[in-house]
Amino acid sequence: SPKLAAAKHQDEAASKKKLCVKAAKEHSIPKDLNKVLENKVMETVLDLSYVKLSVVEMTCSGDADSEGIVSKSVSSHSDLIPGVYEGGLKIWECTFDLMDYLSEAEIAFTNKTVLDLGCGAGLLGIVALQGEAAGVHFQDYNSTVIDEITLPNVVANCTSESRRTGSGKERKASKPPSKRPRKAEGSPDVLNRCRFFSGEWSQVSQLLLNSNKPCPKYDIILTSETIYNPDYYGALHDTLAQLLDRNGRVYLASKVHYFGVGGGVYLFEKFIEDKNVFRTSVVKTIDQGLQRCIMEITFKNSC
């Protein structure tokens, strides 16, 4: 009957969705940091170093990309393959919006625990590290992104020459892009404050909550361009609710609307409102080009 067929289709869809949930894992930091930067060419933006993606695309294969996301992204000419690759190879514009806001609003990271959620290149977490955060954890959906992009970027920015803090204006006046291999010149103390995770949000939350290592709730969670798909709102909301300290803050950067995918600021605000756990406020709006926002999220019963 049509009803039975519809029910079967729903069951199959639910089963397929479960199979797409990517298990979480923690990534170890190699003892030889120069291995992390081997075959990497770095560029600079806003005085931060980051891996040149085109070189990763040419050199990343086999075990280095067990997920096959680099070849899949290149062959499909897509920065997003739902359930397979969630955009972490690219630095999205809202990341720079949030970096500017953190500087303008003088957000203090000193002695705070920070999570860079959906970190991609990890630039937001690196800013927190340079702001003397007590600990910064980096999470991305894809393990290849963590190993080939995030970790090298953190190592490159932990070298003595790059451990500079400064205002957004100072960063914007940085030198022209540098395209050269870099050696890791020490500062392993910074890496001792870092942990790296890959996997789907709910899986990472469970890994952290059930870990033998003590994992305090985060004082600050930074996330950019993570509300493009309404299908992910439930997992994102639950992750924030489980991992944010009762008096902590989330800083979320997003486009007002994501054409073709359907998500955006107003839809996410409505989702948050319906859940009645958090309160939200838009603390900055960027009108240049496609309208973008910075949102602050706190628990309703926080101090």
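Predicted model, so just to flag it, every value in this text is computed and none were measured.

Asker: If you had to explain the overall build of the protein to someone new, which residues and values would you point to?
Answerer: A count of helical and extended segments in the protein gives 12 helices and 10 strands. Evaluated residue by residue, the protein yields a buried proportion of 48% over its 303 residues. Put simply, 73% of the contacts in the protein that link residues at least 6 apart link residues at least 24 apart.

Asker: Could you give an account of the pairing of strand 10 (residues 292–299), naming the residues involved and the relevant values?
Answerer: Counted residue by residue, strand 10 has 8 buried out of 8 residues, so it is predominantly covered. Alignment of strand 8 (residues 244–255) against strand 10, held across 6 bridges, turns out to be antiparallel. Bridging from a neighbouring strand, Lys 255 pairs with Arg 292 of strand 10. Pairing of strand 9 (residues 278–286) with strand 10 involves 8 bridges; the strand directions are antiparallel. Of the residues in strand 10, the one forming a bridge with Ile 286 is Arg 292.

Asker: Quick rundown of the pairing of strand 2 (residues 42–45)? Include the residues and the values.
Answerer: Here strand 2 pairs with strand 3 (residues 48–51) via 4 bridges, running antiparallel. By the bridge assignment for strand 3, Val 45 is matched with Leu 48. Here strand 2 folds back onto strand 3, and the loop between the two strands holds 2 residues, one of which, Leu 46, carries a positive phi near 50°.

Asker: Tell me about the sheet that holds strand 9, residues and numbers included.
Answerer: Taken in spatial order, the 8 strands make up an open sheet running 1-6-5-4-7-8-10-9, and their pairing is mixed. Because the sheet does not close on itself, it has two edges, and the strands there are strand 1 (25–27) and strand 9. Recorded for the sheet is a direction-independent mean angle of 20° between the axes of neighbouring strands. Here strand 4 (residues 113–117) runs beside strand 7 (residues 218–224); their pairing, made up of 4 bridges, is parallel. Across the sheet, Leu 115 pairs through a bridge with Ile 221, a residue of strand 7. On top of the sheet, helix 6 (residues 123–130) reaches strand 4, strand 5 (135–140), strand 6 (194–198) and strand 7; it is set at about 175° to strand 5, its chief contact. Strands strand 1, strand 5 and strand 6 of the sheet are contacted by helix 7 (residues 143–156), whose axis makes an angle of about 160° with strand 6.

Asker: Go over the nonpolar core with me, naming the residues and quoting the values.
Answerer: Counting 50 residues, the largest nonpolar core has Leu 102, Phe 109 and Val 154 as the members making the most contacts within it. Per element, the largest residue contribution to this core is 7 residues, and it comes from helix 7. Not counting residues up to four positions away in its chain, the partners in contact with Phe 109 are Leu 102, Val 114, Val 127, Ala 128, Gly 131, Glu 132, Ala 133, Ala 134, Ile 220 and Leu 222. In terms of nonpolar packing, the next biggest core, distinct from the first, is built from 25 residues, Tyr 233, Leu 243, Leu 244 and Val 250 among them.

Asker: Which residues make up the environment of Glu 26, and what values do they have?
Answerer: On the secondary structure map, Glu 26 appears in strand 1. Linking Glu 26 and Phe 138, residues 112 residues apart in sequence, is a C-alpha distance of 9.9 Å. Residues within four places of Glu 26 in sequence aside, it is in contact with Arg 195, Phe 196, Phe 197, Leu 207 and Lys 213. A polar side-chain atom of Glu 26 sits 2.9 Å from a polar atom in the side chain of Arg 195.

Asker: Outline the packing of aromatic side chains, supporting the account with residue identities and numerical values.
Answerer: Under the criterion given, the structure shown has 7 aromatic pairs. Summarising the aromatic geometry, the rings of Phe 138 and Phe 196 are spaced 5.1 Å apart at their centres and angled 10° between planes, so their arrangement reads as stacked. Of the two residues, Phe 138 is situated in strand 5 and Phe 196 in strand 6; the sequence distance between them amounts to 58 residues. This pair shows no difference in class: Phe 138 is buried, exactly as Phe 196 is. The rings of Tyr 228, Tyr 232 and Tyr 258 are connected pair by pair, giving a single aromatic cluster. Above the plane of the ring of Trp 92 lies Lys 90, whose end atom (NZ or CZ) is 4.3 Å from the centre.

Cut-offs applied
- The residue numbers shown here count from 1 along each chain, following its written sequence.
- Since the coordinates come from a predicted model, pLDDT governs what is reported: local features require at least 70, and pairs of side-chain atoms require 80 or more to be given and counted, while whole-chain, interface and lining totals use all residues.
- The side-chain numbers reported here are obtained from all heavy atoms of the structure, hydrogens and water having been left aside.
- Secondary structure elements follow DSSP: runs of H or I no shorter than four residues count as helices, runs of E no shorter than two count as strands, and numbering proceeds from the N terminus.
- Partly exposed describes any residue whose relative accessible area lies between the buried limit of under 20% and the exposed limit of over 50%, with all areas from a 1.4 Å probe on protein chains only and scaled to the type maximum.
- Only heavy atoms matter for contacts: two residues are in contact if any of them lie within 4.5 Å across the pair.
- Here the rule is simple: two strands pair whenever DSSP picks up at least two bridges between them.
- Axes, fitted as lines to C-alpha atoms, cover a helix only where it is in contact. Angles between the N-to-C directions of the axes lie from 0 to 180 degrees.
- Here, nonpolar core means buried Ala, Val, Leu, Ile, Met, Phe, Trp, Tyr and Cys residues that are tied together by side-chain atoms lying within 4.5 Å of each other.
- Counting of polar contacts relies on pairs of N or O atoms within 3.5 Å, with two restrictions inside protein: one atom must be capable of donating a hydrogen and the other of accepting it, and residues adjacent in sequence are counted only when both atoms are side-chain atoms.
- Aromatic pairing here means that ring centres of Phe, Tyr or Trp (its six-membered ring) are within 6.5 Å. Orientation follows from the plane angle: under 30 degrees is stacked, over 60 is edge-to-face, and everything else is tilted.
- We call a charge positioned above a ring when the Lys NZ or Arg CZ atom is no farther than 6 Å from the ring centre and deviates by at most 35 degrees from the ring normal.

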